[in-house]
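Next come the chains, spelled out residue by residue.
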Amino acid sequence: MAFYSKEVMDHFVNPRNVGEIKDADGIGEVGNPVCGDMMTFYIKVSDNKIESVKFKTFGCGAAIAVSSMVSEMAFGKTIEEVMVLANADVAKALGGLPPNKMHCSNLGVDALHKAVANYKSKKKL
Ligand code: FES
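Per-chain numbering applies: the sequence of each chain, read as written, is numbered from 1 onward. Where totals are concerned, whole chains, interfaces and linings use all residues; where local detail is concerned, this predicted model gives features only for residues with pLDDT of at least 70, and gives and counts side-chain atom pairs only at 80 or more. No hydrogens and no water enter the side-chain calculation; it runs on all heavy atoms of the structure.

**So, the environment of Ser 5**
Here is step 1 of the chain: Each helix is a run of DSSP H or I of at least 4 residues and each strand a run of E of at least 2, with the numbering of both proceeding from the N terminus. If you trace the backbone, Ser 5 turns up in the segment before α1 (6-13).
Here is step 2 of the chain: Residue Ser 5 is classed as buried on the basis of its relative accessible area, which comes to 14%.
Here is step 3 of the chain: A C-alpha to C-alpha distance of 6.9 Å links Ser 5 and Gly 96, two positions 91 residues apart in sequence.
Here is step 4 of the chain: Residues contacting Ser 5, with those up to four places away along its chain left out, are Leu 94, Gly 95 and Gly 96.
Here is step 5 of the chain: Definition of a polar contact: a pair of N or O atoms within 3.5 Å, with one able to donate and the other able to accept a hydrogen when the atoms are protein atoms, and with sequence-neighbouring residues admitted only if both atoms are side-chain atoms. Polar contacts involving the side chain of Ser 5 include one to the main-chain carbonyl oxygen of Leu 94, which spans 2.4 Å. With a 1.4 Å probe rolled over the protein chains alone, any residue whose accessible area is under 20% of its type maximum counts as buried; one over 50% counts as exposed, and the rest are partly exposed. The criterion used for residue contact is that any of the two residues' heavy atoms lie within 4.5 Å.

Spelled out as structure tokens, the structure:
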């Protein structure tokens, strides 16, 4: 497992914010066309900030680590700050991913952005 950074291993072994928010303000679900794995993000928004974020990921270890890191990066941020988060930021925060696992990092931010889009459409923003 030497090709995974210690950050990836930490978030894979001990993922943060796993679960579901029953009364979520926004839900975003994405599937990875490369491998068929799935990721769903749930957000609660208060005063334009992410006050709670949870995820469920049916995927590889890298996808779970990415989900966990995305949830930590999103927490407390404004909607605008969340929307400029990029997949590369997440991979960087995880200390990098092996080249054949970079596609796994694409799910996290995409699912989060979809959850925000869902929140905006519900609120008619
Ligand atoms: Fe499917 Fe990583 S192999 S997300």
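More follows now that the structure is in view.
**A few points about the pattern of salt bridges**
Here is step 1 of the chain: Only one rule defines a salt bridge in this text: a Lys or Arg side-chain nitrogen within 4 Å of an Asp or Glu carboxyl oxygen. One pass over the full model with this rule turns up seven salt bridges.
Here is step 2 of the chain: Across the pair Glu 7 and Lys 6 runs a salt bridge, and its minimum N-O distance is 3.5 Å.
Here is step 3 of the chain: One salt bridge connects Lys 44 with Asp 25, and the closest N-O pair in it is separated by 3.8 Å. With Lys 44 in strand β2 (residues 38-46) and Asp 25 in the loop between α1 and β1 (26-31), the pair connects residues that are 19 residues apart, well separated along the chain.
Here is step 4 of the chain: On the basis of relative accessibility, which here comes to 17%, the residue Lys 44 falls in the buried class.
Here is step 5 of the chain: Each of Asp 10, Arg 16 and Glu 72 takes part in a single network of salt bridges with overlapping partners.

**A few points about the packing of helix α2 (residues 61-74) against helix α5 (residues 102-123)**
Here is step 1 of the chain: At a minimum axis distance of 8 Å, the contact between α2 and α5 shows a crossing angle of 35 degrees. In this structure, α2 crosses over α5, and the sense of that crossing is right-handed. Taken together, the residues of α5 that come into contact with α2 (itself represented by Ala 62, Ala 63, Val 66, Val 70 and Ala 74) are Cys 104, Ser 105, Gly 108, Val 109 and Leu 112.
Here is step 2 of the chain: When its residues are assigned to classes, the contact of α2 with α5 shows eight nonpolar, two polar and no charged. All axes here are fitted lines through C-alpha atoms, helices being fitted over the stretch that makes contact, and every angle between N-to-C directions spans 0 to 180 degrees. Two helices cross in a left-handed way if the nearer one is turned anticlockwise from the farther one by less than a right angle. They cross in a right-handed way if the turn is clockwise. In this classification, Asp, Glu, Lys and Arg are treated as charged, Ala, Val, Leu, Ile, Met, Phe, Trp, Tyr, Cys and Pro as nonpolar, and every other residue, Gly included, as polar.

**Overview of the sheet that holds β1**
Here is step 1 of the chain: Two strands make a pair as long as DSSP finds a minimum of two bridges between them. Across the sheet, which stays open at both edges, the three strands sit in the order β1-β2-β3 with antiparallel pairing between neighbours. The sheet terminates laterally at β1 and β3 (49-58), the two strands that pair on one side only. If you compare each strand with its neighbour and ignore which way they point, the axes differ by 15 degrees on average.
Here is step 2 of the chain: As paired strands, β2 and β3 are joined by nine bridges and run antiparallel to one another. Looking across to β3, one finds that Met 39 is bridged to Thr 57.

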